[in-house]
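Listed below are the residues making up each chain.
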Amino acid sequence: MTASPDMQASQRAQRFSLDGKVALVTGSTSGIGLATAHALAEQGAAVAVAGLLEQGAEAVVAGMQARGLDAYAVCGDVSQRVEVDRLAGEVLERFAKVDVLVCNAGVQGPAGPLGKVGADDWDHVMGLNLRSAQWLTSRLTPGMAERGSGSVVLMSSICRAPWQQVDRTLRDVQGWSGAVVAQPRSGVGPQEREGQRRFARAHPHSAGGAHAPERNGDEQAACADATAARRGTPGDR
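Just so we're clear, the structure is a prediction, and the values are computed from it rather than from any experiment.

Undergrad: Any chance you could break down the pairing of strand β2 (residues 46-51) for me, citing the residues and the numbers?
TA: Most of β2 sits inside the fold, with 6 of its 6 residues counted as buried. Here β2 shows a buried face lined by Ala 46, Ala 48 and Ala 50 and a second buried face lined by Val 47, Val 49 and Gly 51. Bridge count between strand β1 (residues 22-26) and β2: 5 bridges; the pairing is parallel. Paired with Ala 23 across the strands is Val 47, a residue of β2. Handedness of the crossover joining β1 and β2 through helix α2 (residues 31-42) is recorded here as right-handed. Pairing geometry for β2 and strand β3 (residues 71-75), over 5 bridges, is parallel. Bridge pairing in β3 links Val 49 to Ala 73. The parallel pair β2 and β3 is bridged by helix α3 (residues 54-66), and the resulting crossover is right-handed.

Following this line, the structure appears as structure tokens:
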């Protein structure tokens with residue numbers, strides 16, 4: 001006898017219980033971070049909702065608490081080391097531990113030729129997208145090791161950008177030797193596929209990097225067609 005969908009969901013929830021666990025999710029006032037915070041809390045974890053602005057974090061926590069979920073708001077700019085230390089300290093003071101760390105905060109950063117990106121913009125992207133994850137893991141993983149358990153999730157994603165912009169940016173980089181340019185499965189539509197074909201014909205040595213076997217433009221375009229087809233369309237799930 002096959003279990004009903006509700007019974008199957010209940011069985012999965014029992015196997016994946018986070019009762020008594022504490023989770024910290026950065027960038028959790030919207031998008032993937034918000035969904036992650038809700039999912040962890042629904043499995044029984046107490047979740048520290050971390051965001052840049054107090055008002056946003058408090059609003060998320062209020063909504064979660066209204067559903068009977070255990071949530072706590074913490075705020076700070078995790079691109080700054082002092083803010084990371086303060087935020088982590090506040091969570092540890094409140095809960096005494098962190099069992100699950102989800103480093104989700106990130107920013108796309110400036111678009112355009114690399115030579116025109118300012119030092120401040122570069123430092124902000126590196127601080128928020130990379131260094132914040134290292135700072136948080138170095139602060140919180142020693143406690144996980146002492147307890148003999150813990151999980152760290154480092155999130156990353158590819159921002160969907162018009163292929164014309166990608167092409168212009170790469171052409172502006174002197175000495176560019178080729179790269180694999182990819183889109184998420186749900187982000188490839190007819191316009192992007194056509195952009196891939198144009199890109200491949202203009203850069204016949206691009207796929208596979210600088211050491212890729214030589215192909216003419218039409219062969220490379222065919223490879224781009226096949227690759228785009230494997231990634232699917234925006235309607236795929």
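Read on for the rest.
Undergrad: A description of the packing of aromatic side chains should follow, citing residues and the corresponding values.
TA: Tallying each qualifying case throughout the model produces 1 aromatic pair. Taking the centre distance of 5.9 Å and the plane angle of 85° together, the rings of Tyr 72 and Phe 95 count as edge-to-face. Pair noted here: Tyr 72 is in strand β3 and Phe 95 is in helix α4 (residues 81-95), with a separation of 23 residues, a long-range link. For the pair Tyr 72 and Phe 95, one class covers both residues: buried. Taking the ring centre of Phe 95 as reference, the NZ or CZ of Arg 94 above it sits at 5.4 Å.

Undergrad: Any details on the nonpolar core? Residues and values, ideally.
TA: Formed by 23 residues in total, the largest nonpolar core has its most connected members in Leu 24, Val 74, Leu 87, Val 91, Leu 101, Leu 136 and Leu 140. Here the element with the most residues in this core is helix α5 (residues 119-147); it accounts for 6 residues. Here Leu 87 is in contact with Leu 24, Ala 50, Val 74, Cys 75, Gly 76 and Val 78, once residues within four sequence places are set aside. Counting residues in hydrophobic clusters, the runner-up holds 19 residues, among them Val 25, Ala 41, Met 64 and Cys 75.

Analysis parameters
- Residues numbered from 1 in each chain as written.
- Predicted model: local features only at pLDDT ≥ 70, side-chain atom pairs only at ≥ 80, totals over all residues.
- Heavy atoms only, no water.
- Buried < 20%, exposed > 50% of the residue type's maximum accessible area, 1.4 Å probe, protein only.
- Helix = DSSP H or I, 4+ residues; strand = E, 2+ residues; numbered from the N terminus.
- Pairing = 2+ DSSP bridges.
- Right-handed = clockwise from strand over helix to strand, strands pointing away.
- Phe/Tyr/Trp six-rings, centres within 6.5 Å; stacked < 30°, edge-to-face > 60°.
- Lys NZ or Arg CZ within 6 Å of the ring centre and 35° of its normal.
- Core = buried A, V, L, I, M, F, W, Y, C linked by side-chain atoms within 4.5 Å.
- Contact = heavy atoms within 4.5 Å.

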